[in-house]
Amino acid sequence: MTNTSSATHDTIRAVQWRGDHLRLLDQRLLPAEEHWIECRDTAQVTAAIRDLAVRGAPAIGIAAAWGVAMAAQQQAPLDDALATLRAARPTAVNLMWALDRMKKRIAAGADAQALLREAQAIQDEDLAANRRMGELGAGLIAQGSGVLTHCNTGSLATAGYGTALGVIRAGVAAERIARVYAGETRPWLQGARLTMWELMRDGIPAHLIADSAASHLMKSGAVQWVIVGADRIAANGDVANKIGTYQLAIAAKYHGVKFMVVAPSSTIDMATATGEEIEIELRDATELLGSAGRRTVVEGALAWNPVFDVTPAELIDAIVTERGVIERPGTLAMQAMFGS
């Protein structure tokens, strides 16, 4: 694992280019095993994205950009590479954004070396954006606050540092955040497996809670902010994120807890008017019917397994991007910051 500054609680880099192949930390095996996947062609990158070995909207986009650059390096058909990668996950707009950016460079006549530089730029820009968002988001939080986060929005999900978890890293470093709670995030347990692993590895004390304990936690007064990431943000400020985000926003509103969404501008989709237009990915029902490869539900049972939901803008107190903070987001505020 590549080390960076421990003073900023930031020591993890899960997407690594190795000159002629892409190295990915397999997030399905954490925390029990730190296993790296060596992706040597576009098909292997696509499989890693589709099968959740790499996950988190920014990380998916970065991995896809490297997949295109690798195809160019290998003189493989670039249209095929773009189409294959685009079909891997439908909800994360960062995937489409990164591929469109690479496609634009291809259309302008970029060679393999230029595409490698573009993929590196996408990764570097994401890390810089995360550090900026961490600073901006932490600035909204009062000294001594408690926070609750959902899913995994840290270095594993990005180029490094993280979006919502980047705000938590910055807030802890600035001594604004005194208590951190992470929801387990069924069914893949990204909060339990990944967020807790990141926090422990980077020296940030935290408590894990069952997803169903969140409202009770808010009622106790232990948290003042819910801080989450996003997979797509519509032009009116509606936010698609990991399933369970919507119910957290409802509970937060009822209990007077503030709700912050942290995402880079590549997650903003001004071409999508509202959250109603966002395609919600449905995954295999078997993901809900067992745990760690062992079935826990009676044979013959059915399951419904959407992996994202949409939180309406009116439930959100702040959207934090590297361009700035939108408080009480809505169509006009979004247009003012992100309109062309």
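Residues numbered from 1 in each chain as written. Predicted model: local features only at pLDDT ≥ 70, side-chain atom pairs only at ≥ 80, totals over all residues. Heavy atoms only, no water.

Chemist: Just to check I follow, could you spell out the UniProt feature "active site" (unreviewed entry) in the protein chain for this structure?
Modeler: The sites that UniProt annotates as "active site" (unreviewed entry) are Asp231. Tracing the sequence through the fold places Asp231 in the loop between β7 (225–228) and β8 (232–234). Looking at Asp231, the relative accessible area reads 10%, which means it is buried. Contacts of Asp231, omitting those with residues within four sequence positions, involve Ala57, Thr91, Ala92, Val93, Asn94, Ala240, Asn241, Lys242, Thr267 and Phe308. (UniProt positions renumbered as here; feature names shortened; annotations may be inferred. Helix = DSSP H or I, 4+ residues; strand = E, 2+ residues; numbered from the N terminus. Buried < 20%, exposed > 50% of the residue type's maximum accessible area, 1.4 Å probe, protein only. Contact = heavy atoms within 4.5 Å.)

Chemist: Can you help me understand the environment of Asn241 in this one?
Modeler: Considering the arrangement of structural elements, one finds Asn241 in strand β9 (residues 239–242). Take Asn241: its relative accessible area is 5%, and that puts it in the buried class. Each C-alpha atom, one on Asn241 and one on Ala285, is 19 Å from the other, the two residues being 44 residues apart in sequence. With sequence-adjacent residues up to four places away left out, Asn241 is seen in contact with Val228, Gly229, Ala230, Asp231, Val307, Phe308 and Asp309. Separated by 3.4 Å, the side chain of Asn241 and the backbone nitrogen of Ala230 make a polar contact. In terms of polar contacts, Asn241 uses its side chain to reach the side chain of Thr245, at 2.9 Å. (Polar contact = N/O pair within 3.5 Å; in protein donor to acceptor, adjacent residues only side chain to side chain.)

Chemist: Which parts of the structure should I look at to understand the packing of aromatic side chains?
Modeler: For any pair of aromatic rings, geometry is given as the distance between the ring centres together with the angle between the planes. By the definition in use, this model includes one aromatic pair. When the ring of Trp17 is compared with that of Trp66, the centres are 4.7 Å apart and the planes differ by 5°; the resulting orientation is stacked. Here Trp17, found in strand β1 (residues 15–17), pairs with Trp66, found in helix α2 (residues 57–73); they are 49 residues apart in sequence, far enough to count as distant. By relative accessible area, which is 1% here, Trp66 ends up buried. The ring of Phe308 is capped by Lys242, whose NZ or CZ atom sits 4.7 Å from the centre of that ring. (Phe/Tyr/Trp six-rings, centres within 6.5 Å; stacked < 30°, edge-to-face > 60°. Lys NZ or Arg CZ within 6 Å of the ring centre and 35° of its normal.)

Chemist: Sorry, what's going on with the sheet that holds β1 here?
Modeler: What links the strands of a sheet is backbone hydrogen bonding, and the strands pair in either a parallel or an antiparallel sense. Across the sheet, which stays open at both edges, the three strands sit in the order β1-β2-β3 with antiparallel pairing between neighbours. Edge positions in the sheet fall to β1 and β3 (36–39), since each of these pairs with one other strand and no more. Each strand of the sheet is rotated relative to its neighbour by a mean of 20°, with strand direction disregarded. Here β1 runs beside strand β2 (residues 22–25); their pairing, made up of three bridges, is antiparallel. Bridging from a neighbouring strand, Gln16 pairs with Arg23 of β2. (Pairing = 2+ DSSP bridges. Axes fitted to C-alpha atoms, helices over the stretch in contact; angles between N-to-C directions.)

Chemist: Please explain the sheet that holds strand β4 (residues 145–149) as it appears in this structure.
Modeler: With mixed pairing, seven strands are arranged side by side in an open sheet as β6-β5-β4-β7-β10-β15-β16. Both edges of this open sheet fall to β6 (207–209) and β16 (324–327), since each of them pairs with a single strand only. Pairwise comparison of adjacent strand axes, ignoring direction, gives a mean angle of 25° for this sheet. Pairing geometry for β4 and strand β5 (residues 177–183), over five bridges, is parallel. Its bridge partner lying in β5, Val147 is registered against Val180. Helix-sheet contacts for helix α10 (residues 331–338) involve β15 (318–321) and β16, and the interaxial angle to β16 is about 165°.

Chemist: Got a minute to help me understand the confidence of the model for the protein chain in this structure?
Modeler: Detailed reading of the predicted coordinates is not advisable wherever pLDDT falls low. Put simply, the protein chain has an average pLDDT of 95, and 97% of its residues get 70 or more. Below a pLDDT of 50 lies the segment residues 1–7, which in the model reaches 19 contacts outside its immediate sequence neighbourhood of four places, other chains included. (pLDDT = per-residue confidence, 0-100.)

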